[in-house]
Amino acid sequence: MRAVRPISLALVLVLAVPLSACSGQPGAQAWAALVCTSLNPWRSEIDSLTSRAQAQMTAGTTPGQAKENLARLFDGAATASEQARAGVERAGVPAVDDGQEIADGFLGSLAGIRDAYGQARTGVEALATRPADAFYAEVSKVLDRLTTDYEKSNLDTTKLESVELRQAFDSLPECQ
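Residues numbered from 1 in each chain as written. Predicted model: local features only at pLDDT ≥ 70, side-chain atom pairs only at ≥ 80, totals over all residues. Heavy atoms only, no water.

> Which parts of the structure should I look at to understand the nonpolar core?
The nonpolar side chains of soluble globular proteins are, as a tendency, buried together. Residues Trp31 and Phe169 are the most contacted members of the largest nonpolar core, which totals 43 residues. Mapped onto this core, the elements with two or more residues apiece are α2 (28–57), α3 (63–91), α4 (99–125), α5 (132–152) and α6 (163–171). Sort the elements by how many residues they give to this core and α2 lands first, with 11 residues. Among residues more than four places away in sequence, those in contact with Trp31 are Pro26, Ala91, Gly92, Val93, Pro94, Ile102, Ala103, Phe106, Leu165 and Phe169. (Core = buried A, V, L, I, M, F, W, Y, C linked by side-chain atoms within 4.5 Å. Buried < 20%, exposed > 50% of the residue type's maximum accessible area, 1.4 Å probe, protein only. Helix = DSSP H or I, 4+ residues; strand = E, 2+ residues; numbered from the N terminus. Contact = heavy atoms within 4.5 Å.)

Printed below as a string of structure tokens:
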């Protein structure tokens, strides 16, 4: 029986290292793939919503229709941004230097973008549609604020650089 104990202990030690790697943080390649898989539908949805809104706005809509279209655009963009943020959150923290800060940066950026779209929706919904000139002037102000808020949400990658993640983002098909 005594011979079994050292073998069992050795087996546990040999298996513990690979198993602990499975339960920890995802590596750079896995994390980047999960992030890109979360961001691709978001980008497509934002592009689609923007194209539809532009088409509707140039189709000679009334202020009421424009208000409805813009509110729908901003609501869809806020929802898509939240879905992307949730997907990045599910990806966890990459197993790289400053992984927590990098993950937090992505999450904060997407939350800021979501909030910017949500505030734009609220701003447009609060506008009176008459007189039309005043409505469009106020829409312009809402869009300016959206642009400012969106720019504040940009991820500053100069402070959150990881060679492993950069290589993963550059090489993975999901990220192209």
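And the narrative resumes.
> Honestly, the layout of surface pockets in this entry has me stumped. Any pointers?
Rolled over the atoms, a probe with the dimensions of a water molecule shows which regions are left empty. By volume, the largest pocket amounts to about 260 Å³. Along the walls of the largest pocket sit 14 residues, with Leu39, Trp42, Arg43, Phe106 and Leu155 positioned nearest its centre. In terms of residues, the lining of the largest pocket owes the most to one element, α2, which gives five residues. Its residues placed into classes, the lining of the largest pocket shows 11 nonpolar, two polar and one charged. Empty space within the second largest pocket amounts to approximately 190 Å³. (1 Å grid on protein atoms, 1.4 Å probe; cavity = no way out; pocket = protein on both sides within 12 Å on 5 of 7 lines; lining within 4 Å. Points joined across faces, edges and corners; volume = space filled by probe spheres on them. Nonpolar A, V, L, I, M, F, W, Y, C, P; charged D, E, K, R; others polar.)

> What am I meant to see in the side chain of Ser38 here?
You can see Ser38 is positioned in helix α2. Polar side-chain contacts of Ser38 include one of 3.5 Å to the backbone oxygen of Gly87. Every residue in contact with Ser38, bar those within four places of it in the chain, is listed here: Ala84, Gly87 and Val88. (Polar contact = N/O pair within 3.5 Å; in protein donor to acceptor, adjacent residues only side chain to side chain.)

> Where do I start with the environment of Glu101 in this structure?
Counting through the fold element by element, Glu101 comes out in helix α4. On the basis of relative accessible area, Glu101 is assigned to the partly exposed category, the value being 43%. Separated by 60 residues in sequence, Glu101 and Glu161 have C-alpha atoms that sit 10.0 Å apart.

> Looking at this model, I keep getting lost on the packing of α2 against α6. Mind explaining?
The description of two packed helices rests on the angle between their axes and on the distance between the axes. Remark: α2 packs on α6, axes separated minimally by 9 Å, with the N-to-C direction vectors making an angle of 50 degrees. The angle between the axes of α2 and α6 places the two elements in the oblique class. Once α2 is placed against α6, the crossing between them reads as right-handed. Here Ala28, Gln29, Trp31, Ala32, Val35 and Cys36 of α2 come into contact with α6, specifically with Glu164, Leu165, Ala168, Phe169 and Ser171. Partitioned by chemical class, the residues of the contact of α2 with α6 number eight nonpolar, two polar and one charged. (Axes fitted to C-alpha atoms, helices over the stretch in contact; angles between N-to-C directions. Parallel < 35°, antiparallel > 145°, perpendicular 65-115°, else oblique. Left-handed = near helix turned anticlockwise from the far one by under 90°.)

> Sorry if this is basic, but what is going on with the packing of aromatic side chains here?
Aromatic ring pairs are reported here in terms of the distance separating the ring centres and the angle at which the planes meet. According to the stated counting rule, one finds six aromatic pairs in the structure shown. Between Trp31 and Phe169, the aromatic rings sit 6.3 Å apart at their centres with planes inclined by 75 degrees, giving edge-to-face as the arrangement. Taken together, the residues span a long stretch of sequence, with Trp31 in helix α2 and Phe169 in helix α6 at a distance of 138 residues. (Phe/Tyr/Trp six-rings, centres within 6.5 Å; stacked < 30°, edge-to-face > 60°.)

> Would you mind going over the confidence of the model for the protein chain with me for this structure?
Close reading of the predicted structure is inappropriate where its pLDDT is low. Looking at the protein chain, the pLDDT average stands at 85 and 86% of residues meet or exceed 70. Highest mean pLDDT in the protein chain belongs to α4 (96); lowest belongs to helix α1 (residues 4–23) (36). Contacts from residues 1–23, a stretch scored under 50 in pLDDT, to residues over four places away or in other chains number zero contacts. (pLDDT = per-residue confidence, 0-100.)

> Mind showing me how you'd approach α5 here?
Since there are 3.6 residues in each turn of an α-helix, residues three or four apart along the chain are aligned in direction. Between the first and last C-alpha of α5 there are 30 Å, a value that for 21 residues agrees with the 30 Å anticipated at 1.5 Å per step. Within the sequence span of α5, burial applies to Phe135, Val139, Val142, Leu146 and Asp149. One side of α5 carries all its buried residues, which in axial view fall inside an arc of 85 degrees. Pointing more than 90 degrees away from the buried face of α5 are the exposed residues Asp133, Lys141 and Lys152. (Expected span 1.5 Å × (residues − 1). Arc of directions from axis to C-beta.)

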